[in-house]
Amino acid sequence: LVYIKRIRAGVFYDYARGFLGQFKDEYQSVGGSILFEFKLFRINYPFEAGVQFAHRLTDGENQISLLIFGLPF
């Protein structure tokens, strides 16, 4: 039913600095993701699905994207 062609994982760190007049703000986040490239049934076109986790270092908030879906070309 499902043929898993490839499993990819990645980590990231993001940093941004913003200015508005005399106000300054910095944003930092870290996270990771795992993606599965697969084929469904006998359809020859590959699909992608996975999960992603992100943690903002500036305020400690977590975000989890349970399903990332894509069609690679």
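Residues numbered from 1 in each chain as written. Predicted model: local features only at pLDDT ≥ 70, side-chain atom pairs only at ≥ 80, totals over all residues. Heavy atoms only, no water.

Novice: Hey, could you go over the overall build of the protein chain for me, with residue numbers and the actual values?
Specialist: The helix and strand tally for the protein chain stands at 0 helices and 4 strands. Ordered by position from N to C terminus, the α and β elements of the protein chain give β-β-β-β. Rg of the C-alpha trace for the protein chain: 17 Å, well past the compact-globule value of 11 Å for 73 residues, more than 25% over. When the backbone C-alpha atoms are referred to their principal axes, the protein chain occupies close to 60 × 20 × 15 Å. When burial is assessed residue by residue, the protein chain has 19% of its 73 residues classed as buried. Restricting to contacts in the protein chain with at least 6 residues of sequence separation, those with at least 24 account for 39%. Approximately 6100 Å² of the protein chain is accessible, and the part contributed by carbon and sulfur atoms is 60%. (Helix = DSSP H or I, 4+ residues; strand = E, 2+ residues; numbered from the N terminus. Rg over C-alpha atoms; globule rule 2.2 N^0.38 Å. Buried < 20%, exposed > 50% of the residue type's maximum accessible area, 1.4 Å probe, protein only. Contact = heavy atoms within 4.5 Å. Areas by Shrake-Rupley, 256 points an atom, 1.4 Å probe, with all protein chains shown as cover.)

Novice: Tell me about the environment of Arg17, and name the residues and values.
Specialist: Relative to the helices and strands, Arg17 resides in strand β1 (residues 2-20). Once the C-alpha coordinates of Arg17 and Ile7 are considered, the two residues, 10 residues apart in sequence, prove to be 33 Å apart. Residue contacts for Arg17: discarding those within four places in its chain leaves Asp25 and Glu26. Polar contacts involving the side chain of Arg17 include one to the side chain of Glu26, which spans 3.5 Å. (Polar contact = N/O pair within 3.5 Å; in protein donor to acceptor, adjacent residues only side chain to side chain.)

Novice: Please set out the environment of Gln63 residue by residue, giving values where relevant.
Specialist: The topology assignment puts Gln63 in strand β4 (residues 62-70). Spatially, the C-alpha atom of Gln63 lies 15 Å from that of Ile34, the residues being 29 residues apart in sequence.

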